[in-house]
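These are the residues of each chain, in order.
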Amino acid sequence: MANAHNQNLNMSHSRSMGSSRTKGQMSMMVFALGVVFFIMLGIFLFTSNIKSKDTDYVNMYVHNLLLSTMRTSTGYGHPCISVSDTISCAYLTPNRLCGTEKCSDIVQRVTESIIERAIKPNYGYFIIVEPENWDIVGGERITMGDPDTESKRPHYVANEKILAYGSNLRIELIITTG
Amino acid sequence: MRIGQAHMMEYILLTVFIIILMVAFMIMMTVFQIGGVRSEGAEHVYRQSITTTRFIVNSPYFNNPRFSDGSVFDDSKLSVADCEELREVIGEGWFAFVVIPGALQETLCDEFNYPECNKWIICDKADVRKETCVHEVPVNIYRKMDDTIDIGILTVGLYGKCT
C-alpha cells in the first residue's frame, strides 16, 4: 500500500517536473524567437536606411564631363578646333591633316589628355565613338580609356551626338567612381 | 512548494526577458529615429548643394550666350563676379570657385592679371573650420581674348554635413 502511494507520488512529481521543463523550454523558445525577431527588424531597418544618394551628383558629373570635353579647344586649327571636331574628322575623314598630323593620329591623344585633366583621380573612364545605329549597321568604333570600366558596377553613362554630314556619331562616356 | 517556487521563478524570468526585449526594442527604435533625423538633415544639405551647383552651372550670370545648353563660363564674367549679388539670389552659407586643371601653379584672376590666370573665386569660403558638403563639376571656360574654350572644374560647397 505504502509502496503504491510512493509510486503515485513519484509519478506525479516526475510529471510536474516534465511540465516545468516544457515550460522552461517554451520560455527559452519565446526568448530565442524574440531575439531573432529583433535581429531581423534591425537588419530591415538598417538596409532600408541605406540609399545610394550619390547617383544624382555622379549623373550630373558624367554628363558635364562629356559635354565639357567635347567642347574644349584642342589647339589645332580647322578641322580639329574642338575635341568633337577632331573625333568627327577622325571618323569621317581620317587622313585629313590637323596641322601636320592626321586626324586619326591625334584623336586619342587629344581626347585623353583633356579628359584626364578634368576627371577625378579615383574615377575610371571609357569612351566609345560609333555611328548611329551601330548595332544594326555596324562599322568602325573608336574607343578610348579603360575597357574594363564597362563591366564594373556601379557605372554611370552619358551620351551625346555629333551631327556630322554623312553619318551622325554617337559618343558614350562610361565612368566608375571607385 | 518547490514546484510552486520553480513556477514563480519561471514567470519572473519570462517577465524579465520580455522587459529586456521591450527595452532593447525601444532603444533600437530611438537609435533609428535619431539616425533617420540626422540622415534627413544630411540629405537636405546634399540636395541644396546639388541645386546650388546646377544653378551656377546654368546661370546666365556666368554663361556665354553663344552656348544655349549652359556650363560655358565667360572668363570676363567670372572675373567680375559679385559674391554679395549672388548671395542675394541664392542665399547665404555657400562658396564656389572655378579652376582650370593641369596648371603648375594656380593664379587667382583679378582685373590686373586677366587673362593670364586660371582660378576664379565666385564666393570665398568664409569659415575654414566648418564642416562642408562639396561637389565638383567639369565646366568650360570661354577665354575671350584667345576665342578658345578650355576645360575647368567648378567647386561648390555648402556649410553642413552631407555624408
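Please refer to the structure higher up on the page.
Draft legend 1. Structural detail: the overall build of chain A. Regarding its fold elements, chain A presents five helices and six strands. Burial statistics for chain A: of 178 residues in total, 26% are counted as buried.

Draft legend 2. Focus on the nonpolar core. Core analysis: the biggest nonpolar cluster contains 61 residues, and Ile87(A), Tyr125(A), Leu173(A), Phe73(B), Ala96(B), Val98(B) and Leu154(B) have the highest contact counts within it. With residues near it in sequence (within four places) discarded, Leu154(B) still touches Ile56(B), Val57(B), Ala96(B), Val98(B), Val137(B) and Val139(B).

Draft legend 3. Examining the environment of Thr72(A) more closely. Topologically, Thr72(A) is positioned in the loop between α2 (55-71) and α3 (83-92). Residue Thr72(A) is classed as buried on the basis of its 26 C-beta neighbours within 10 Å. When near neighbours in sequence (up to four residues on either side) are disregarded, Thr72(A) contacts Ser82(A), Val83(A), Ile114(A), Asn140(B), Ile149(B), Asp150(B) and Ile151(B).

Draft legend 4. Structural detail: helix α1 (residues 2-58) of chain B. Compared with the 84 Å implied by 1.5 Å per residue over 57 residues, the 82 Å span of α1(B) between its first and last C-alpha is a close match. Within α1(B) the residues assigned to the buried category are Tyr46(B), Ser49(B), Ile50(B), Thr52(B), Thr53(B), Ile56(B) and Val57(B). Contacts made by the buried residues of α1(B) are with α2 of chain A together with α3 (83-90), β2 (94-99), β4 (132-143) and β5 (148-159) of chain B.

Draft legend 5. Summary view of the packing of α2(A) against helix α4 (residues 103-118) of chain A. Residues and elements named next belong to chain A. Closest axis-to-axis distance for the α2/α4 pair is 10 Å, and the angle between their directions is 135 degrees. As judged from the angle between their axes, α2 and α4 are oblique. Considering how the two elements wind past one another, α2 and α4 form a crossing that is right-handed. Packed against α2, whose contacting residues are Leu65, Ser68 and Thr69, the element α4 presents Thr111, Ile114, Ile115 and Ala118 at the interface.

Draft legend 6. How the structure looks around the interface of chain A and chain B. Taken together, the contact pairs 29 residues of chain A with 31 residues of chain B. For the side of chain A that touches chain B, the element with the most residues is helix α1 (residues 2-49) of chain A, which contributes 12 residues. Residue composition of the side of chain A that touches chain B, grouped by class: 11 nonpolar, 13 polar and five charged.

Draft legend 7. Representation of the pairing of strand β3 (residues 124-131) of chain A in the model. Residue and element names in this part refer to chain A. As judged from the eight bridges shared by β3 and strand β6 (residues 169-176), these two strands associate in the antiparallel manner. Bridging from a neighbouring strand, valine 129 pairs with isoleucine 171 of β6. As defined by bridge partners, β3 adjoins strand β4 (residues 142-145) across four bridges and the pair is classed as antiparallel. Residue pairing in the sheet places isoleucine 127 in a bridge with methionine 144 of β4.

Analysis parameters
- Residues numbered from 1 in each chain as written.
- Chains lettered and ligands numbered in written order.
- Predicted model: local features only at pLDDT ≥ 70, side-chain atom pairs only at ≥ 80, totals over all residues.
- Helix = DSSP H or I, 4+ residues; strand = E, 2+ residues; numbered from the N terminus.
- Buried ≥ 20, exposed ≤ 12 C-beta atoms within 10 Å, placed from the backbone.
- Core = buried A, V, L, I, M, F, W, Y, C linked by C-beta atoms within 7 Å.
- Contact = placed C-beta atoms within 7 Å.
- Expected span 1.5 Å × (residues − 1).
- Axes fitted to C-alpha atoms, helices over the stretch in contact; angles between N-to-C directions.
- Parallel < 35°, antiparallel > 145°, perpendicular 65-115°, else oblique.
- Left-handed = near helix turned anticlockwise from the far one by under 90°.
- Nonpolar A, V, L, I, M, F, W, Y, C, P; charged D, E, K, R; others polar.
- Pairing = 2+ DSSP bridges.

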